[in-house]
Amino acid sequence: MSTRTLLQINTSLFAGHGQSSQLADRFVADYLAAHPGTVRVLRDVASQPLPHLDGARFSAFVTPAAERTPEQQAVVAQSDALIAELKGADVLVLGLPMYNFGVPSQLKSWIDHIARAGETFRYTANGPEGLVTGKKAYVFATRGGLYAGTALDSQTAYIRDFLRFIGIADVEFVYAEGLAMGAEAKDGALARARDSITRLAA
Ligand SMILES: Cc1cc2nc3c(=O)[nH]c(=O)nc-3n(C[C@H](O)[C@H](O)[C@H](O)COP(=O)(O)O)c2cc1C
């Protein structure tokens, strides 16, 4: 049996206690049980945040390798390691809380460090081409309010479009919404999300 790798990216401010992390954990546990031989790699971008992408870091990315200063080499090495981790995975699991109508800023920093021309995407005469292929992604989106399927859902299109841009087109979203709308709404949303997880992980 060949080994498969599952990369779990947690992004909650509450680390493993976040609702999104807990749903992702539950999916991963079920997935590992249903797919023996799968190895999980966990990256928690909230507990171990990446710096914001700034001008100095971006210019390290676009400086030819032979001309990079030691500082620029270190910046690129960190980005290269994140990209290798992503490319080495067969399955991507993403915990995705909604914070202030957007994705967690630490997740945006991760995205900014793996979006590299020539590494994860390239432009061709036919438009952009993703270079991170052959993967399936599962996204566990948690929100205090209700947004899925409405114009206020700023996250779903963004994450779907970005993943497609780098080559990951097969993406499943599981939502737990209304988590700040009382115990009944919260319990019901989490129970429905858990049902979806059981179905998806099989
Ligand atoms: C800083 C912060 C900002 C939030 N902003 C929103 C928001 O804009 N919309 C919303 O529906 N819920 C919002 N919430 C509620 C979270 O989406 C909800 O608590 C969710 O469970 C967070 O996922 P987590 O537990 O994995 O961190 C916010 C929570 C925090 C802590």
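The sections below set out a description of the structure shown in this document. (Residues numbered from 1 in each chain as written. Predicted model: local features only at pLDDT ≥ 70, side-chain atom pairs only at ≥ 80, totals over all residues. Heavy atoms only, no water.)

### Here's the deal with the site of the ligand
Right, on to step 1. As a structural note, the neighbourhood of the ligand is formed by 16 residues, with Ser12, Ser20, Met98, Tyr99 and Gly145 the closest of them.
Right, on to step 2. Within the backbone of phenylalanine 101, a nitrogen or oxygen atom sits 2.8 Å from an oxygen atom of the ligand.
Right, on to step 3. With the chains in place, 76% of the 630 Å² that the ligand exposes on its own is no longer accessible.
Right, on to step 4. Taken together, the residues that form the shell around the ligand break down as seven nonpolar, eight polar and one charged. (Near = heavy atom within 4 Å. Polar contact = N/O pair within 3.5 Å; in protein donor to acceptor, adjacent residues only side chain to side chain. Areas by Shrake-Rupley, 256 points an atom, 1.4 Å probe, with all protein chains shown as cover. Nonpolar A, V, L, I, M, F, W, Y, C, P; charged D, E, K, R; others polar.)

### Considering empty space enclosed by the protein
Right, on to step 1. For the coordinates displayed, the defined rule picks out one cavity of 30 Å³ or more.
Right, on to step 2. Quantified by volume, the largest cavity comes out at close to 50 Å³.
Right, on to step 3. Around the largest cavity, the lining residues are Leu92, Leu94, Leu107, Trp110, Ile111, Ile159, Phe162 and Leu163.
Right, on to step 4. For the lining of the largest cavity, the per-class residue count stands at eight nonpolar, no polar and no charged. (1 Å grid on protein atoms, 1.4 Å probe; cavity = no way out; pocket = protein on both sides within 12 Å on 5 of 7 lines; lining within 4 Å. Points joined across faces, edges and corners; volume = space filled by probe spheres on them.)

### Digging into the pairing of strand S5 (residues 127-130)
Right, on to step 1. Summarising the sheet, strand S4 (residues 121-124) and S5 pair through four bridges and their orientation is antiparallel. By the bridge assignment, tyrosine 123 is partnered in S5 with proline 128.
Right, on to step 2. Between S4 and S5, which pair antiparallel and follow one another directly, the connecting turn spans two residues. (Pairing = 2+ DSSP bridges. Helix = DSSP H or I, 4+ residues; strand = E, 2+ residues; numbered from the N terminus.)

### Concerning the packing of aromatic side chains
Right, on to step 1. What the rule picks out here adds up to 10 aromatic pairs.
Right, on to step 2. When the centroid spacing of 5.8 Å and the interplanar angle of 80° are considered together, the rings of phenylalanine 121 and tyrosine 123 count as edge-to-face.
Right, on to step 3. Ring geometry for phenylalanine 173 against tyrosine 175: centres 6.0 Å apart, planes inclined by 15°, an arrangement best described as stacked.
Right, on to step 4. Of note, arginine 116 hangs over the ring of phenylalanine 61, and the distance from its end group to the ring centre comes to 5.0 Å. (Phe/Tyr/Trp six-rings, centres within 6.5 Å; stacked < 30°, edge-to-face > 60°. Lys NZ or Arg CZ within 6 Å of the ring centre and 35° of its normal.)

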